[in-house]
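This is what each chain is made of:
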Amino acid sequence: MDLLKALASAAGSGELQQLGSQFGLDSSSVDKVLGQVVPALGRGVQKNTQAPGGIESLLGALQKGGHDRYLGDISAAASQAGIADGNKILGHVFGSKDVSRNVAAQASQASGVSGDVIKQMLPMIATMVMGTLSKNTNAGSAMPAQSAGGGGLGDMLSSMLDLSLIHISEPTRPA
């Protein structure tokens, strides 16, 4: 399952509509924004997991972060604590505010939604993506991160991220 479909399934269309309504967006606009932002987040997560110790770090965050709470309650993602958590996720996933701004600018061009609105949505979307990863990999379970013969939580996560990145291009850097 790709990450965008997993998010839609985990959060439910009602949650995503509530996300959009907080910013005055219809469901089509939300879909366009998510179609740009979620794959970029997936690429950032995937890049981080390829660094030494990266998969273990992500699995630890998924197991201990409680991010799945953001899926069933959009007000949690929109709260000060949710926004702060989302900004931490963005900082870790993208590495800099410049990359986050770039993602917002590209999503704005592709979706027609204001870049400022997308910047406000990014932390909320980041928390929901982490919640989706946690939920769909059963990160709270006692599954091993990796096993000698393959399998385990790490392989499930890698598979999910790989599938979500089929049509993604690297964000462009500002001149």
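Residues numbered from 1 in each chain as written. Predicted model: local features only at pLDDT ≥ 70, side-chain atom pairs only at ≥ 80, totals over all residues. Heavy atoms only, no water.

Moving on, we get to the overall build of the protein. Helix and strand counts for the protein stand at eight helices and zero strands. Among the 175 residues that make up the protein, the fraction classed as buried is 47%. Element-wise, carbon and sulfur atoms account for 50% of the exposed surface of the protein, whose accessible area totals about 8,400 Å². (Helix = DSSP H or I, 4+ residues; strand = E, 2+ residues; numbered from the N terminus. Buried < 20%, exposed > 50% of the residue type's maximum accessible area, 1.4 Å probe, protein only. Areas by Shrake-Rupley, 256 points an atom, 1.4 Å probe, with all protein chains shown as cover.)

Let's shift gears to the packing of helix α2 (residues 27-49) against helix α3 (residues 54-64). The N-to-C vectors of α2 and α3 enclose an angle of 125°; their axes lie 6 Å apart at closest approach. As the angle between them shows, α2 and α3 are arranged oblique. Contacts between α2 and α3 involve V45, N48 and T49 from the former and G54, I55 and L58 from the latter. (Axes fitted to C-alpha atoms, helices over the stretch in contact; angles between N-to-C directions. Parallel < 35°, antiparallel > 145°, perpendicular 65-115°, else oblique. Contact = heavy atoms within 4.5 Å.)

Further remarks concern the environment of D85. Note on placement: D85 falls in helix α5 (residues 80-94). Taking the relative accessible area as the measure of exposure, D85 reaches 17% and is therefore buried. For the pair D85 and M124, spaced 39 residues apart in the sequence, the C-alpha separation amounts to 8.7 Å. Discounting chain neighbours no more than four positions away, the residues touching D85 are H67, R69, Y70 and T127.

This part is about the pattern of salt bridges. Applying the stated criterion to the full structure yields three salt bridges. The salt bridge partner of R69 is D85, with a shortest N-O separation of 3.7 Å. Taken together, the residues span a long stretch of sequence, with R69 in the loop between α3 and α4 (74-78) and D85 in helix α5 at a distance of 16 residues. For D98, the salt bridge is made with R101, and the minimal N-O distance between the two is 3.0 Å. In this pair, D98 and R101 both sit in helix α6 (residues 97-111), three residues apart, roughly one turn of the helix. (Salt bridge = Lys/Arg side-chain N within 4 Å of Asp/Glu carboxyl O.)

Taking 1.5 Å of rise per residue, 15 residues should cover 21 Å, and α6 covers 21 Å from first to last C-alpha, within 8% of that figure. Within α6, burial applies to V99, S100, N102, V103, A104, A107, S108 and S111. Against α2, α5 and α7 (115-136) lie the buried residues of α6. One or two residues past the end of α6 sits G112, with phi positive at roughly 80°. (Expected span 1.5 Å × (residues − 1).)

Bringing α7 into the picture now. With 22 residues, α7 extends 30 Å from end C-alpha to end C-alpha; this agrees with the ideal 32 Å at 1.5 Å per step. Along α7, the sharpest change in direction is near 35° and occurs at M121; proline P123 comes one to four residues later. In terms of burial, α7 is a largely internal element, 17 of the 22 residues being buried. The N-cap of α7, judged by a side-chain oxygen 3.1 Å from the amide nitrogen of D116 a few residues on, is S114. (Bend = angle between axes of the 7 residues up to and from the residue. Polar contact = N/O pair within 3.5 Å; in protein donor to acceptor, adjacent residues only side chain to side chain.)

Interaxial distance between α5 and α7 falls to 7 Å at its minimum, and their mutual angle equals 80°. One finds that α5 runs roughly perpendicular with respect to α7. Along its contact with α5, which presents G82, I83, D85, G86, N87, I89 and L90, the element α7 presents L122, P123, M124, A126, T127 and M130. Residue composition of the contact of α5 with α7, grouped by class: eight nonpolar, four polar and one charged. (Nonpolar A, V, L, I, M, F, W, Y, C, P; charged D, E, K, R; others polar.)

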